[in-house]
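Structure assessment
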Amino acid sequence: DVKVTQSSRYLVKRTGEKVFLECVQDMDHENMFWYRQDPGLGLRLIYFSYDVKMKEKGDIPEGYSVSREKKERFSLILESASTNQTSMYLCASSPWTDNSPLHFGNGTRLTVT
Amino acid sequence: AQRVTQPEKLLSVFKGAPVELKCNYSYSGSPELFWYVQYSRQRLQLLLRHISRESIKGFTADLNKGETSFHLKKPFAQEEDSAMYYCALLPRGADKLIFGTGTRLQVFP
């Protein structure tokens, strides 16, 4: 069974802090994704990656960056956290095949105060 | 523009009642469509996809290209069906899903 693990379930950070959200998958998937989930807005794609050291902007990349130094790990970075980045963050992975379902992590609930 | 619309934020029914969660999409080509579900305190997971034409946990969804819809249906709702449901579109040749805003289903005893 695919496992996508997000390192923190809850995080509380202060405005202006640099925040790292970590995600690890154990199925050698090529694709990895970061979404944020907000009530009434659904899931919005922040960044995704096809392979190591490759990244593509999603729909709402502003204020975020990512890092993929190893195939199994995809990190989301908030360079200077702001209160409007308070949200649930979901990591997902999928293999490089058509119609493959996304496998999601449990999510990280980030609160920026 | 490619878009997925779930018009209902909340759908409340009683146990045993039929359920239909609506999903409409905007896409000119042949779509791949999915339903994802998130139960309380669990991770988001795939429920079903239209190419499989399968029934999962009693749910079915039929692609209607004429109406550009992919509604999720179940004839008799159960309390354990209470969850957040997301419809998602994968445009042909694309590599990222487009999600709707989600519908929360509440099934009362």
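Anyway, here's the lowdown on the structure attached to this text. (Residues numbered from 1 in each chain as written. Chains lettered and ligands numbered in written order. Predicted model: local features only at pLDDT ≥ 70, side-chain atom pairs only at ≥ 80, totals over all residues. Heavy atoms only, no water.)

A look at the side chain of B:His50
All names here are of chain B. The cut-off we apply is this: Strands are runs of DSSP state E lasting at least two residues, helices are runs of H or I lasting at least four, and both sets are numbered from the N terminus onward. Three exposure classes are used, based on accessible area relative to the maximum for each residue type with a 1.4 Å probe and protein chains only: buried under 20%, partly exposed in between, and exposed over 50%. Residue contacts are defined here by distance: any two heavy atoms, one from each residue, within 4.5 Å place the two residues in contact.
The topology assignment puts His 50 in the loop between strand 6 (45-49) and strand 7 (60-61). According to the relative accessible area criterion, His 50 is buried, its value standing at 15%. Setting aside residues no more than four positions away along its own chain, His 50 makes contact with Pro 31, Glu 32, Leu 33, Leu 63 and Phe 70.

Considerations on the interface of chain A and chain B
The line we're drawing: Once two parts are put together, the accessible area they lose, assessed with a 1.4 Å probe and summed over both, is termed the buried area. In what follows, salt bridge is the name for a side-chain nitrogen of Lys or Arg lying within 4 Å of a carboxyl oxygen of Asp or Glu. Counting of polar contacts relies on pairs of N or O atoms within 3.5 Å, with two restrictions inside protein: one atom must be capable of donating a hydrogen and the other of accepting it, and residues adjacent in sequence are counted only when both atoms are side-chain atoms.
Counting residues at the interface gives 19 residues for chain A and 19 residues for chain B. Carbon and sulfur atoms supply 51% of the area that chain A and chain B bury against each other, a total of about 1700 Å² over both sides. A:Asp59 serves as the salt-bridge partner of B:Lys96, at 4.0 Å between the closest nitrogen and oxygen. At the boundary of chain A and chain B, one finds 6 residue pairs in polar contact (both at pLDDT 80 or more). For the side of chain A that touches chain B, the secondary structure elements donating two or more residues are strand 5 (31-38) and strand 6 (42-49) of chain A.

Examining the environment of B:Gly58
All names here are of chain B. Structurally, Gly 58 is set in the loop between strand 6 and strand 7. Note on Gly 58: relative accessible area 33%, which makes it partly exposed. A sequence separation of 49 residues divides Gly 58 from Lys 9, and the C-alpha atoms of the two residues are 22 Å apart. Those residues in contact with Gly 58 that sit more than four places away from it in its chain are Lys 73, Lys 74 and Pro 75.

Focus on unusual backbone geometry
All names here are of chain B. Even without being a glycine, Arg 41 presents a positive backbone phi close to 65°. Its place among the elements puts Arg 41 in the loop between strand 5 (32-38) and strand 6. The backbone of Lys 57 sits at a positive phi, close to 55°, despite the residue not being glycine. In this structure, Lys 57 sits in the loop between strand 6 and strand 7. Judged by its relative accessible area of 49%, Lys 57 falls in the partly exposed class.

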